[in-house]
Amino acid sequence: MFKSLSLICLFLLPIPLIYADDAFSVQIEPEQQLSIALTTQVLVNTQYTPELTGFATRVNLTPLLNTRQQYLKLMTEQAVAEITLDRAQQNTKRIASLHRNNATSIRKLLDQQSQLKIAQTKHHALQQQITNLRLQTRSTWGDKLSQQFLSKDSAMLDTLNKSLYLVYLPPNIKQPSTSIAIAAFGLRESAQQASLLAPAFNYANTQQTQQIGTPFFYLTETAQTPAQQRAAIWIPLPEQTLNGVSIPSSALVWHLGQAFVYLQINDELFKRIKITHKKLIDSSTYFIQDDLQEGDKLVISGAQMLLSEEFRNQIPTEDDDDDDDD
């Protein structure tokens with residue numbers, strides 16, 4: 001009875017392990033490896049670029065579209081005004097020539113000169129309105145977006161077919177990244193790339209936000225859900241690029257809050273390695289910098305069964321207890 005009670009306690013209580021070079025081993029015959037669907041992967045060197053996380057705000061382009069509509073209307077009115085002005089100038093020259101030859105009255109010449117001044121004034125006023133609109137748009141949206149939207153070609157359609165975001169880069173980033181990852185629903189593996197478009201200093205000032213950092217416009221490759229105004233972003237830090245290996249999350253096993261992996265040493269021997277530092281790349285991948293190296297044969301499926309087998313081998317059998325009693 002006491003022997004049975006002792007055996008039950010061994011199953012209920014955590015088994016204390018003595019670390020020897022942070023590694024343990026277990027031996028599994030090839031036939032048993034097949035039965036537990038054990039698979040391995042040879043590791044290769046890779047690079048990992050650390051990322052800062054943050055969020056971006058989708059930019060409402062309706063004001064720019066309204067400005068473009070107003071701009072095109074003014075350009076049309078200016079084109080009509082130029083035609084009117086050109087005709088008034090020609091008529092004035094013709095009537096002035098007739099007047100010199102006493103073929104028309106001074107009154108008719110004065111009337112035509114008045115029409116010319118009216119045409120010149122209207123043309124000048126339209127030119128001034130267009131100039132002011134360009135300056136106002138540039139002061140808010142910057143040169144890049146102003147040039148795209150205040151033009152007669154379809155350059156602005158490239159922006160409309162994508163999503164424009166306002167991103168505040170942290171003060172410690174001296175040079176803005178040409179590309180960042182962005183996901184409307186915060187899932188790193190579903191993120192798409194967004195390219196640096198232009199600085200957004202003046203536009204950011206109009207938003208009256210409490211954000212700290214340097215504002216920039218970033219443009220995604222494809223349109224995202226219009227209703228999603230905020231998105232998660234990942235900013236790469238290329239100056240901190242690390243060398244190491246990438247492993248699937250399925251390779252990790254856990255014991256007493258510590259992560260381990262198994263390496264295959266030969267056909268039957270597997271060694272358990274403690275993972276001291278790991279970086280989550282996405283929901284299914286980790287980056288390991290120091291604990292593993294290129295050429296290691298990593299168990300990526302069946303590691304949990306190896307851990308169970310290792311612990312099972314450490315539990316004394318009843319025969320062992322009987323021998324001890326003898």
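Residues numbered from 1 in each chain as written. Predicted model: local features only at pLDDT ≥ 70, side-chain atom pairs only at ≥ 80, totals over all residues. Heavy atoms only, no water.

A.B. asks: How would you summarise the environment of Ser284 if you had to cite specific residues and measurements?
C.D. replies: Along the chain, Ser284 turns up in the loop between strand 14 (279–282) and strand 15 (285–288). The exposure class of Ser284 is partly exposed, given its relative accessible area of 40%. In sequence terms Ser284 and Ile247 are 37 residues apart; their C-alpha atoms lie 8.6 Å from each other. If sequence neighbours within four positions are ignored, Ser284 has contacts with Ile247, Pro248 and Ser249. (Helix = DSSP H or I, 4+ residues; strand = E, 2+ residues; numbered from the N terminus. Buried < 20%, exposed > 50% of the residue type's maximum accessible area, 1.4 Å probe, protein only. Contact = heavy atoms within 4.5 Å.)

A.B. asks: Would you mind going over the sheet that holds strand 6 (residues 179–183) in detail, with residue names and values included?
C.D. replies: In spatial order, the strands read 4-5-8-7-6-9; together these six strands close into a barrel with antiparallel pairing. Adjacent strand axes in the sheet meet at a mean angle of 40° when their direction is disregarded. Bridge count between strand 5 (residues 164–169) and strand 8 (residues 214–220): six bridges; the pairing is antiparallel. Bridge pairing links Leu164 to Leu219 in strand 8. The sheet strands contacting helix 4 (residues 106–149) are strand 5, strand 7 (192–199) and strand 8, and the helix crosses strand 7 at an angle near 105°. (Pairing = 2+ DSSP bridges. Axes fitted to C-alpha atoms, helices over the stretch in contact; angles between N-to-C directions.)

A.B. asks: Could you give an account of helix 3 (residues 62–100), naming the residues involved and the relevant values?
C.D. replies: With 39 residues, helix 3 extends 57 Å from end C-alpha to end C-alpha; this agrees with the ideal 57 Å at 1.5 Å per step. Positive backbone phi, approximately 60°, marks Asn102, located one or two places after helix 3. (Expected span 1.5 Å × (residues − 1).)

A.B. asks: Please provide a residue-by-residue account of the nonpolar core, values included.
C.D. replies: Counting 17 residues, the largest nonpolar core has Val59, Trp141, Leu145, Leu164, Leu166 and Phe217 as the members making the most contacts within it. Of all elements in the fold, only helix 4, strand 5, strand 7, helix 6 (201–207) and strand 8 reach the threshold of two or more residues within this core. Contacts of Leu166, omitting those with residues within four sequence positions, involve Ala56, Thr57, Val59, Ala200, Tyr203, Gln207, Pro215, Phe216 and Phe217. Formed by 15 residues, the second largest nonpolar core is a distinct cluster that contains Ile247, Val261, Tyr286 and Leu292. (Core = buried A, V, L, I, M, F, W, Y, C linked by side-chain atoms within 4.5 Å.)

A.B. asks: Talk me through the sheet that holds strand 3 (residues 46–48); I want residue IDs and the actual numbers.
C.D. replies: Spatial strand order, 3-10-15-14: four strands in an open sheet with antiparallel pairing. The open sheet is flanked by strand 3 and strand 14, the only strands paired with a single partner. Each strand axis lies, on average, 50° off the axis of its neighbour in the sheet, ignoring direction. Across four bridges, the pairing between strand 10 (residues 242–248) and strand 15 is antiparallel. Looking across to strand 15, one finds that Ile247 is bridged to Tyr286.

A.B. asks: Please provide a residue-by-residue account of the pattern of salt bridges, values included.
C.D. replies: Within this structure, the stated rule accounts for six salt bridges. Across the pair Arg272 and Glu310 runs a salt bridge whose closest N-O atoms are separated by 2.5 Å. Of this pair, Arg272 sits in strand 13 (residues 269–274) while Glu310 sits in helix 7 (residues 303–314); the two residues are 38 residues apart in sequence, bridging distant segments of the chain. (Salt bridge = Lys/Arg side-chain N within 4 Å of Asp/Glu carboxyl O.)

A.B. asks: How would you sum up the packing of aromatic side chains? Please name residues and give values.
C.D. replies: If you walk through the whole model with that rule in mind, you get five aromatic pairs. Centroid distance Trp141 to Phe217: 6.3 Å. Interplanar angle 20°. Geometry classified as stacked. Of this pair, Trp141 sits in helix 4 while Phe217 sits in strand 8, and the two are 76 residues apart along the sequence. A single burial state applies to Trp141 and to Phe217, both of which are buried. The rings of Trp141, Tyr203 and Phe217 are connected pair by pair, giving a single aromatic cluster. A cation sits over an aromatic face here: Arg230 above Phe55, 3.7 Å from the ring centre. (Phe/Tyr/Trp six-rings, centres within 6.5 Å; stacked < 30°, edge-to-face > 60°. Lys NZ or Arg CZ within 6 Å of the ring centre and 35° of its normal.)

A.B. asks: Could you give an account of the packing of helix 3 against helix 4, with specific residues and numbers?
C.D. replies: The geometry of helix 3 relative to helix 4 is characterised by a closest axis approach of 7 Å and an angle of 155° between their N-to-C directions. The orientation of helix 3 with respect to helix 4, classified from their angle, is roughly antiparallel. Crossing geometry of helix 3 relative to helix 4 is assigned as left-handed. When its residues are assigned to classes, the contact of helix 3 with helix 4 shows 21 nonpolar, 17 polar and five charged. (Parallel < 35°, antiparallel > 145°, perpendicular 65-115°, else oblique. Left-handed = near helix turned anticlockwise from the far one by under 90°. Nonpolar A, V, L, I, M, F, W, Y, C, P; charged D, E, K, R; others polar.)

A.B. asks: Which residues make up the environment of Phe55, and what values go with them?
C.D. replies: Residue position: Phe55 is located in strand 4 (residues 51–58). Residue Phe55 is classed as partly exposed on the basis of its relative accessible area of 29%. Taking the C-alpha atoms as reference points, Phe55 and Leu166, 111 residues apart in sequence, are found 9.1 Å from one another. Excluding its chain neighbours within four sequence positions, the residues that come into contact with Phe55 are Gln211, Arg230, Ala231, Ala232 and Ile233.

A.B. asks: Got a sec to walk through unusual backbone geometry? Specific residues and values, please.
C.D. replies: Not every positive phi belongs to a glycine, and Ala37 is a case in point at roughly 55°. With respect to the helices, strands and loops of the structure, Ala37 is situated in the loop between helix 2 (30–35) and strand 2 (39–42). Judged by relative accessible area, which is 46%, Ala37 ranks as partly exposed. Although it is not a glycine, Leu256 adopts a positive phi angle of roughly 55°. Structurally, the position occupied by Leu256 is in the loop between strand 11 (253–255) and strand 12 (258–264).

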